[in-house]
Amino acid sequence: MNSWITNWNKIKIRVKQIIKKQPGKDTESQWTKCSCQEIIYKEDLQKNLHVCPKCEMHHKISCRDRFNITFDEKIYTILSTPQPPDDPLEFVDQRKYNERLREARKLTNQNDAMMIAKGKIKGIDAVCGSQNFKFMGGSVGTASGEAFIYGVQHAIDSNCSFIFFTSTGGQKMQEGALSLMQMPRTVIAVNELKKNKIPYIVVLTNPSTGGVTASFAMLGDIHIAEPLATVGFAGARVIQDTIKETLPEGFQTAESVLEHGGIDLIVPRKNLRDTIGSLLSILLKKKESETTTENVNVDKHEEPLHKTSKAV
Ligand SMILES: [Zn+2]
């Protein structure tokens, strides 16, 4: 009597299972799909540092994956950064901000989009920060702001270089003005790095946009980008709708930003650790020679150049 209903329900369940098993849809599947349509075995993608073997697309990665790629022998310590209140504005849009946070934490196994760690890169002590785009688009709120400032302070206190890997859409709308306040705060922190002559290298990964590129991400001593990363401020569609003009091909790709002088280098992920290590050794030698020159000046009872003379 109800056999057709039973059959129909069985068919529905089977269809749902098939959809779930599609590469890229199911988190438990062993396969994933790149935007070039290539179906890749997840383990192979991981071995290839999450870079598609066919189209060279550099896939987004978690903070821990980034640290594993960056630090010598995958040895590093994750720093415990300050934890401000989760939802200061009790923000609700289509869903509660608290609910979104809970979901992002479960998905990424991170407390916030930003993490800070300390270790060695090619034998040089360094503090590294990284953003995970899967955590609410890598958006910066008070927790990320506090993490960045903590990382900078730790680099200054331990006199080691600061490297930051961006992957973000910008500031977090759920924290309104509080998230915008992280822009000047992080800029002040970068200024402290400069005052203390701590090398600061920024690696822009896909995508790096919004308030982050309008603040700490574009203030490095050296700016590196991963191939094909989107680097910009406002989205291309918004710009196109505003200026009513068709944007050139490759607009806001790392390659076009490099051509226009916005960044210094494009480095594939597999070469990043070596490149950062070489750059750090050059920057630290420069710092060392500057410090030696200043000490000589002090010995000669000359006022060092960077000191402001006191008013009498
Ligand atoms: Zn691909």
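Residues numbered from 1 in each chain as written. Predicted model: local features only at pLDDT ≥ 70, side-chain atom pairs only at ≥ 80, totals over all residues. Heavy atoms only, no water.

Novice: Can you tell me about the overall build of the protein, naming the residues and giving the values?
Specialist: Along the protein, the regular secondary structure elements total 10 helices and nine strands. When contacts within the protein are restricted to residue pairs at least 6 apart in sequence, long-range pairs at least 24 apart make up 66% of them. Here the protein has roughly 18,000 Å² of accessible surface; of this, 55% comes from carbon and sulfur atoms. (Helix = DSSP H or I, 4+ residues; strand = E, 2+ residues; numbered from the N terminus. Contact = heavy atoms within 4.5 Å. Areas by Shrake-Rupley, 256 points an atom, 1.4 Å probe, with all protein chains shown as cover.)

Novice: Which residues make up the coordination of the zinc ion, and what values do they have?
Specialist: Protein-derived ligands of the zinc ion are Cys34 (SG), Cys36 (SG), Cys52 (SG) and Cys55 (SG), with the metal-ligand distances lying across 2.2 to 2.3 Å. Classification of the site at the zinc ion as tetrahedral follows from its four donor atoms and the range of 106 to 113° in their angles at the metal. Mapped onto the sequence, the residues coordinating the zinc ion show the spacing C-x1-C-x15-C-x2-C. What makes cysteine 52 buried here is its relative accessible area of 0%. (Donors = N, O, S within 2.8 Å, 3.2 Å for Na, K, Ca; no water. Tetrahedral: all angles 85-135°; square planar, octahedral: opposite > 155°, others 65-115°. Buried < 20%, exposed > 50% of the residue type's maximum accessible area, 1.4 Å probe, protein only.)

Novice: Pulling in residues and values, what's your account of the packing of helix H5 (residues 142–157) against helix H7 (residues 182–195)?
Specialist: As a packed pair, H5 and H7 sit with axes 10 Å apart at the nearest point and diverge in direction by 5°. Our classification of the angle between H5 and H7 gives roughly parallel. Along its contact with H5, which presents Thr142, Gly145, Glu146, Phe148, Ile149, Val152, Ala155 and Ile156, the element H7 presents Gln182, Arg185, Thr186, Ala189, Val190, Glu192 and Leu193. Partitioning the contact of H5 with H7 into residue classes produces eight nonpolar, four polar and three charged. (Axes fitted to C-alpha atoms, helices over the stretch in contact; angles between N-to-C directions. Parallel < 35°, antiparallel > 145°, perpendicular 65-115°, else oblique. Nonpolar A, V, L, I, M, F, W, Y, C, P; charged D, E, K, R; others polar.)

Novice: An account of unusual backbone geometry is needed here, citing residue identities and associated values.
Specialist: With an omega dihedral of -15°, the bond running from asparagine 206 to proline 207 counts as a cis peptide bond. Tracing the sequence through the fold places proline 207 in strand S7 (residues 200–208). With a phi angle near 45°, glutamate 90 is a residue other than glycine that sits in the positive phi range. Turning to its location among the elements, glutamate 90 is positioned in the loop between strand S3 (76–78) and helix H4 (97–108). In the Ramachandran plot, glutamine 252 falls in the positive-phi region, its phi being about 70° despite a non-glycine side chain. For glutamine 252, the location among the structural elements is in the loop between helix H8 (236–243) and helix H9 (254–259).

Novice: A description of the packing of aromatic side chains should follow, citing residues and the corresponding values.
Specialist: Under the definition given, this model contains 10 aromatic pairs. When the ring of phenylalanine 164 is compared with that of phenylalanine 216, the centres are 5.1 Å apart and the planes differ by 80°; the resulting orientation is edge-to-face. With phenylalanine 164 in strand S6 (residues 161–168) and phenylalanine 216 in the loop between S7 and strand S8 (222–225), the pair connects residues that are 52 residues apart, well separated along the chain. The pair phenylalanine 164 / phenylalanine 216 is uniform in exposure class, with both members buried. Every member of this aromatic cluster is reached through a ring pair, and the members are Phe148, Phe162, Phe164, Tyr200 and Phe216. The residue whose ring lies beneath lysine 60 is phenylalanine 133, and the NZ or CZ to ring-centre distance is 5.1 Å. (Phe/Tyr/Trp six-rings, centres within 6.5 Å; stacked < 30°, edge-to-face > 60°. Lys NZ or Arg CZ within 6 Å of the ring centre and 35° of its normal.)

Novice: Please give an account of the nonpolar core that cites residues and values.
Specialist: The biggest cluster of nonpolar side chains holds 29 residues, and the ones touching the most others in it are Phe148, Phe162, Leu193, Tyr200 and Phe216. Where this core is concerned, the elements lending two or more residues are strand S4 (114–121), H5, S6, H7, S7 and H9. Element by element, the count of residues in this core is highest for H5, at five residues. Counting residues in each nonpolar core, the second largest holds 21 residues, with Ala117, Ile224, Ile276 and Leu279 among its members. (Core = buried A, V, L, I, M, F, W, Y, C linked by side-chain atoms within 4.5 Å.)

Novice: So what's going on with empty space enclosed by the protein? Which residues, and what values?
Specialist: All told, the structure shown has two cavities of 30 Å³ or more when counted by the stated rule. In this structure, the largest cavity occupies an estimated 100 Å³ of space. In terms of lining, the largest cavity is formed by 13 residues, of which the most central are Asp86, Arg105, Asp112, Ala143 and Glu175. Of all the secondary-structure elements, those providing two or more residues to the lining of the largest cavity are H4 and H5. In the lining of the largest cavity, the residues fall into five nonpolar, three polar and five charged. If you trace the second largest cavity, you find 14 residues lining it, with Lys60, Ile61, Arg66, Ser167 and Thr205 closest to the centre. Listing elements by their share of the lining of the second largest cavity, those giving two or more residues are strand S5 (124–131), S6 and S7. Top contributing element to the lining of the second largest cavity by residue count: S6, with three residues. Per-class residue counts for the lining of the second largest cavity are two nonpolar, eight polar and four charged. (1 Å grid on protein atoms, 1.4 Å probe; cavity = no way out; pocket = protein on both sides within 12 Å on 5 of 7 lines; lining within 4 Å. Points joined across faces, edges and corners; volume = space filled by probe spheres on them.)

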